Amino acid sequence: MGLLRTLAIIVIIYYAIKFIGRYILPLFVGKIIDNVEKKMRDQQQQFNNQQQKSTGKVGETEIAKKPSDYKEGNKDVGDYVDYEEVKDDK
């Protein structure tokens, strides 16, 4: 009797997962995809609005900030070591 009950539970769980995967899961995934698509569309629209509001001429480059000065490395790091190649006679 216990074996029959266990098999029945396994079959019921199998068909429940199959039903959820086939009918209910696509609804949730579709809703998530729609939300992400809407957010991306809103971001693109905001970006386009900012581009239209800019007063620069077409093709003109605008530099937002001055790049920092190039810093040279520490020259007292170490000594230069000259080396010679050693021939290995084997």
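Residues numbered from 1 in each chain as written. Predicted model: local features only at pLDDT ≥ 70, side-chain atom pairs only at ≥ 80, totals over all residues. Heavy atoms only, no water.

## Some points on the overall build of the chain
Part 1 of the reasoning: When you go through the chain residue by residue, the secondary structure sums to 1 helix and 0 strands.
Part 2 of the reasoning: Within the chain, buried positions represent 0% of all 90 residues. (Helix = DSSP H or I, 4+ residues; strand = E, 2+ residues; numbered from the N terminus. Buried < 20%, exposed > 50% of the residue type's maximum accessible area, 1.4 Å probe, protein only.)

## What to know about the packing of aromatic side chains
Part 1 of the reasoning: In the structure shown here, the tally under the stated rule is 2 aromatic pairs.
Part 2 of the reasoning: Between Tyr 14 and Tyr 15, the ring centres sit 5.2 Å apart and the planes meet at 70 degrees, which makes this aromatic pair edge-to-face.
Part 3 of the reasoning: Note on Phe 19 and Tyr 23: the rings are 5.2 Å apart at their centroids and 50 degrees apart in plane angle, and the pair reads as tilted. Here the residue Phe 19 and the residue Tyr 23 both occupy positions in helix 1 (residues 2–53), the gap between them amounting to 4 residues, near one helical turn.
Part 4 of the reasoning: Residue classification places Phe 19 among the partly exposed residues on the basis of a relative accessible area of 46%. (Phe/Tyr/Trp six-rings, centres within 6.5 Å; stacked < 30°, edge-to-face > 60°.)

## Here we look at a nonpolar patch on the surface
Part 1 of the reasoning: Taken together, the side chains of Phe 19, Ile 20, Tyr 23, Ile 24, Leu 25, Phe 28, Val 29 and Ile 33 present a nonpolar region at the surface, about 770 Å² in accessible area.
Part 2 of the reasoning: Among the residues examined, Val 29 registers a relative accessible area of 40% and is labelled partly exposed. (Patch = residues over 30% accessible without salt bridge, like charges linked within 9 Å, V, L, I, M, F, W, Y side chains within 5 Å. Areas by Shrake-Rupley, 256 points an atom, 1.4 Å probe, with all protein chains shown as cover. Salt bridge = Lys/Arg side-chain N within 4 Å of Asp/Glu carboxyl O.)

## Quick notes on helix 1
Part 1 of the reasoning: The first and last C-alpha atoms of helix 1 sit 73 Å apart over 52 residues, in line with the 76 Å expected at 1.5 Å per residue.
Part 2 of the reasoning: Along its length, helix 1 shows its largest kink, about 40 degrees, at Ile 24, and proline Pro 26 lies within four residues downstream of that point. (Expected span 1.5 Å × (residues − 1). Bend = angle between axes of the 7 residues up to and from the residue.)

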